[in-house]
Amino acid sequence: MSIVRVAIPVPVPQLFDYTCETAVPSDVGRCVRVRFGRRIETGIVVELPANSDIAPARLRPVEQILRDTPAMSADWLALTRFVARYYHAPVGEVMALALPPELRRATTVDIRDDDPLLALTPAGHTALNEGGRPSRARRHLAALAEAGPTRKSVARQWPDGDATAELLRRQWVYPAAPANPALTPPRLPTLTDEQAAVLEAITTAQPGFLPVLLQGVTGAGKTEVYLRLAERCLAAGHSVLMMVPEIALTPQFESRITERFPHARIVALHSGAGDMARSRGFLRALEGDADIVLGTRLSVFTPLPRLGLIIVDEEHDPSYKQQEGVRYSARDVAVWRAHHQGVPIVLGTATPSLESWRHASEGRYRHLRLTRRAVATQMPTVRLIDTRRAKLDGGLSKPLIEAIGQRLARREQSLIFLNRRGFAPVLACPSCEWVSACPHCAANRVVHLADRRLRCHHCGFDSPIPVACPDCGEQDLQPLGRGTQKLEAHLAERFPEARVLRVDRDVARSRSDWLALLAKIHAGEADILVGTQMMAKGHDFERLTLVGVVGADAALYASDFRAPERLFQQLMQVGGRAGRSHLAGEVLIQTEFGDHPLFQCLKRQDADAYARLALDDRRQAGFPPFTFQAMLGADAPQLADAIAFLQRARDDALTDLPAALMLYDPVPMRMHRLARRERAQLLVESTERAALQQFLGVWVPRLYRLPAGRDLRWRVDVDPLDV
Ligand code: ADP
Ligand code: ZN
Ligand code: ZN
């Protein structure tokens, strides 16, 4: 009798044994349907153990083994097991996360491409060059090499056409995309000297794992470098994994890739893609039928048998870290994957994360730079406007208003960046203490004048704006502070001749809304844009020459120690939108803290100076990346229950605590109530990553057995971003 050990998506950190009469070693990696409790679940076979800890009579049989779907590869199993190990998450949950939805539901996914073009893989070229014993397969391979990519139906009719299936099985050929004659590759731009040097450095390096931090100013042409690297990789028969923070926000990126590689089979895995499309993309990749996978963080789990290169664009972006469920960092997992599979990985950004910058400065990553823009003659100039003394008009200083006026006169575009949606962050009563607090969260509800509602940005709870104070009846309720809607209204009033366009999540709710807005901006149908960080990412607007920044000071003194780093990255990025083309760009930042070193670095646009400065601060304060952290979070209807659980967890740990480790007291989280649940956290810290990992490896499995209060949930977050 054969036993199969199965990973099942349930919140316990173990594997489960079943019997399966027909199981053979090649079934490792296959999906199975198994009975778990009263449910049927889809799991993955991770090994065929010789025997089980469970008595044979008590083992249940597998309901079904899904042999129509190819098995997950050993690389994929290693990747998901690493993630489970490092993030201390149940392996079944990691695998379920990594599998596309239709596979989890065990629905049949039809990925057939009826008549693909066949082309030689690197193994095919090797087989050809080796010569070897003459055979039908080798003769057929030689014929295919001679003819170039050929339709399968055509190749089958050749003298040795019967060997076509064998060539595919041996992975000497693979199905290349049908060439579309309407698409021809565009003429390539001549590389700048810096781009050429970067390319040279990467392509002449030893084959194998090569982590590269590609630090290039905005507009330096990092994308062109990615495309050239991808081109070489594809030419060698390998495939490329290209990760971006949010595809929906940067359709330009996607279209540049499809234009450049009209013959490549590109799989785009973004949040807008439906379940079926995602599943089909995943399966095509699994079968070696994808040349380029372009996707957001989840795409790091795409199986790619011919993987030759990983690119992580905007590597500093916090959206690479999943904030719920399995809390993995897709960037860090990608680095592990590149290492495991022995391929280069390029982490691109204008403003490196402090973690990556430190790795690069200490020689663990290759540090390559692009210091000049590819097209624009110069970087935008950055000016700080001191708002301590200035009189503001609707939140705007005189120099900023004048600068907007100049752009209008020259028919250029301006972007005013304010990272706060809504009309005003809070509605307050002038006669009593009442404010528009959210009844379910430790936060205020935001005034949305456009649809006349008070809305919580954390849990979504909303209600109409009251006509009078609910506590004292006062009719003159005051919206305090400023959001994008208020700024938009003010700009429209101040510049009646201008077309003002607001761009935030309230107007761009769907991908198609967003594409429509982008098209409008590109067509020059807006003069003044008011936008949140949606506008900061990777866009190229030809006539945008002014970026104004308002309301940025709060982040300087926020309680989150990472807030200044994010502020710097965001402002560099949004500033980089100015003057991308032949028109010169200008960035005006309104601040009360012009002398703050962060703003001084921004003014010089010196990401290295900022990284040095911020790392010094972190070192002195003993924060990451100089220490390593994990967070045990708990939430429950009552705060006391959450705290009590964490306290038990802490007591449990203290009995065998290694010296390099520090456990803090359980405390309520900064936002201690969210959607009616009280939240608390326990921080674990160590100066050594290995010590932290070792501790968690012992401690976390024990947490599952701790008594927990009514309706309590807990989770572990390794390398948390929000502390
Ligand atoms: P980044 O991602 O570094 O901010 P992009 O890759 O978007 O910059 O490039 C900025 C602009 O420069 C794009 O319009 C791109 O087409 C152009 N560009 C990049 N490299 C070259 C080059 N070698 N010659 C001409 N134009 C280039
Ligand atoms: Zn009142
Ligand atoms: Zn709320």
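Predicted model, so just to flag it, every value in this text is computed and none were measured.

Visitor: Explain the nonpolar core residue by residue, including any values.
Guide: Trp76, Val83, Phe301, Ile310, Tyr328, Leu632 and Trp699 are the most contacted members of the largest nonpolar core, which totals 77 residues. Every residue in contact with phenylalanine 301, bar those within four places of it in the chain, is listed here: Trp76, Leu79, Thr80, Val83, Leu97, Ala98, Phe282, Tyr328 and Arg337. Counting 42 residues, the second largest nonpolar core, distinct from the first, contains Leu544, Ala578, Phe599 and Ala607.

Visitor: Could you give an account of the coordination of the zinc ion (ligand 3), with specific residues and numbers?
Guide: Coordination sphere of the zinc ion (ligand 3), protein contribution only: Cys438 (SG), Cys441 (SG), Cys456 (SG) and Cys459 (SG), at 2.3 to 2.4 Å. Around the zinc ion (ligand 3), the four donor atoms sit at angles spanning 107 to 114 degrees, and that spread fits a shape best called tetrahedral. Here the donor residues of the zinc ion (ligand 3) are spaced in sequence according to C-x2-C-x14-C-x2-C. Note that cysteine 441 is positioned in the loop between β18 (426-428) and β19 (446-448) and cysteine 459 in the loop between β20 (453-455) and β21 (462-464), a separation of 18 residues in sequence. On the accessibility criterion, cysteine 441 (2% relative accessible area) is buried. Residue cysteine 459 is classed as partly exposed on the basis of its relative accessible area of 29%.

Visitor: Tell me about empty space enclosed by the protein, residues and numbers included.
Guide: A probe as big as a water molecule, rolled over the atoms, marks out the empty space that is left. A full pass over the atoms with the stated rule returns three cavities of 30 Å³ or more. Size it by volume and the largest cavity reaches roughly 50 Å³. Going through the elements one at a time, α17 (563-575) and α19 (607-621) are the ones with two or more residues in the lining of the largest cavity. Among the residues forming the lining of the largest cavity, the class breakdown is six nonpolar, two polar and one charged. The calculated volume of the second largest cavity comes to roughly 40 Å³. Surrounding the second largest cavity, Ala7, Pro9, Thr42, Gly43, Ile44, Gly92, Met95, Ala96, Leu99 and Arg104 form its lining.

Visitor: Would you mind going over unusual backbone geometry in detail, with residue names and values included?
Guide: Between proline 624 and the following residue, proline 625, the backbone shows a cis peptide bond with an omega angle of 5 degrees. Inspection of the secondary structure assignment puts proline 625 in the loop between α19 and β27 (628-636). The backbone of histidine 88 shows a phi angle near 55 degrees, a positive value even though the residue is not glycine. Position of histidine 88 among the secondary structure elements: in the loop between α1 (74-87) and α2 (91-98). Classification of histidine 88 as buried rests on a relative accessible area of 14%. Within the chain, glutamine 171 stands out as a residue other than glycine whose phi angle is a positive 60 degrees. Among the structural elements, glutamine 171 can be located in the loop between α7 (164-169) and β8 (173-176). Take glutamine 171: its relative accessible area is 48%, and that puts it in the partly exposed class.

Visitor: Can you tell me about the site of ligand 1, naming the residues and giving the values?
Guide: Around ligand 1 lies a shell of 18 residues, among which Thr190, Gln195, Gly219, Lys222 and Thr223 are the nearest. In the model, a nitrogen atom of ligand 1 is placed 2.8 Å from a nitrogen or oxygen of the glutamine 195 side chain. For ligand 1, an oxygen atom lies 3.4 Å from a polar atom in the side chain of arginine 256. In a pocket analysis with a 2 Å cut-off to the grid points, ligand 1 is assigned to the second largest pocket. Counting residues per element, the shell around ligand 1 draws most heavily on helix α9 (residues 222-235), which supplies three residues. Here the shell around ligand 1 is composed, by residue class, of six nonpolar, seven polar and five charged.

Visitor: Please give an account of the coordination of the zinc ion (ligand 2) that cites residues and values.
Guide: Each protein donor to the zinc ion (ligand 2) is listed here as Cys429 (SG), Cys432 (SG), Cys469 (SG) and Cys472 (SG); together their distances run 2.3 Å. Metal-centred angles of 105 to 115 degrees between the four donor atoms at the zinc ion (ligand 2) mark the site as tetrahedral. Of note, the zinc ion (ligand 2) draws all its donor residues from one chain, in the sequence arrangement C-x2-C-x36-C-x2-C. Residue cysteine 429 is located in the loop between β18 and β19, and its partner cysteine 472 is located in the loop between β21 and β22 (478-480); the two are separated by 43 residues in the primary sequence. For cysteine 472, a relative accessible area of 41% gives the class partly exposed.

Rules used throughout
Throughout, a residue's number is its position along its own chain's written sequence, starting from 1. Throughout, the order in which chains and ligands are written sets their labels, letters from A for the former and numbers from 1 for the latter. Given that this is a predicted model, residues contribute local features only at a pLDDT of at least 70 and side-chain atom pairs are listed and counted only at 80 or more, while totals for whole chains, interfaces and linings are drawn from all residues. Heavy atoms throughout the structure, all of them, feed into the side-chain values; hydrogens and water do not. Remark: nonpolar core denotes a set of buried residues (Ala, Val, Leu, Ile, Met, Phe, Trp, Tyr, Cys) joined through side-chain atoms within 4.5 Å. Only protein chains enter the area calculation, which uses a 1.4 Å probe; residues under 20% of their type maximum are buried, those over 50% are exposed, and those in between are partly exposed. In what follows, a contact means two residues having at least one pair of non-hydrogen atoms within 4.5 Å. Each metal site is built from N, O and S donor atoms within 2.8 Å (3.2 Å for Na, K and Ca), and since water is not included, such sites may look incomplete. Only four donors with every angle between 85 and 135 degrees are called tetrahedral; only four or six donors with opposite donors over 155 degrees apart and all others between 65 and 115 are called square planar or octahedral, in that order; all others are irregular. Every helix listed is a DSSP run of H or I at least four residues long, and every strand listed is a run of E at least two residues long, numbered separately from the N terminus. Only protein atoms enter the calculation, which uses a 1 Å grid: trapped sets of points that fit a 1.4 Å probe without letting it out are cavities, open sets showing protein on both sides within 12 Å along at least five of seven lines are pockets, and any residue with an atom within 4 Å of a point is a lining residue. Grid points are joined across faces, edges and corners, and a volume is the space filled by probe spheres set on the points. Ten residue types, Ala, Val, Leu, Ile, Met, Phe, Trp, Tyr, Cys and Pro, are classed as nonpolar, four, Asp, Glu, Lys and Arg, as charged, and the remainder, Gly among them, as polar. If a single non-hydrogen atom of a residue is within 4 Å of a molecule or strand, that residue counts as near it. Any pair of N or O atoms that falls within 3.5 Å is considered a polar contact. Within protein, one atom must be able to donate a hydrogen and the other to accept it, and sequence-neighbouring residues count only if both atoms are side-chain atoms. For a cavity or pocket, the test is whether more than half of a molecule's atoms lie within 2 Å of its grid points; if they do, the molecule sits there.

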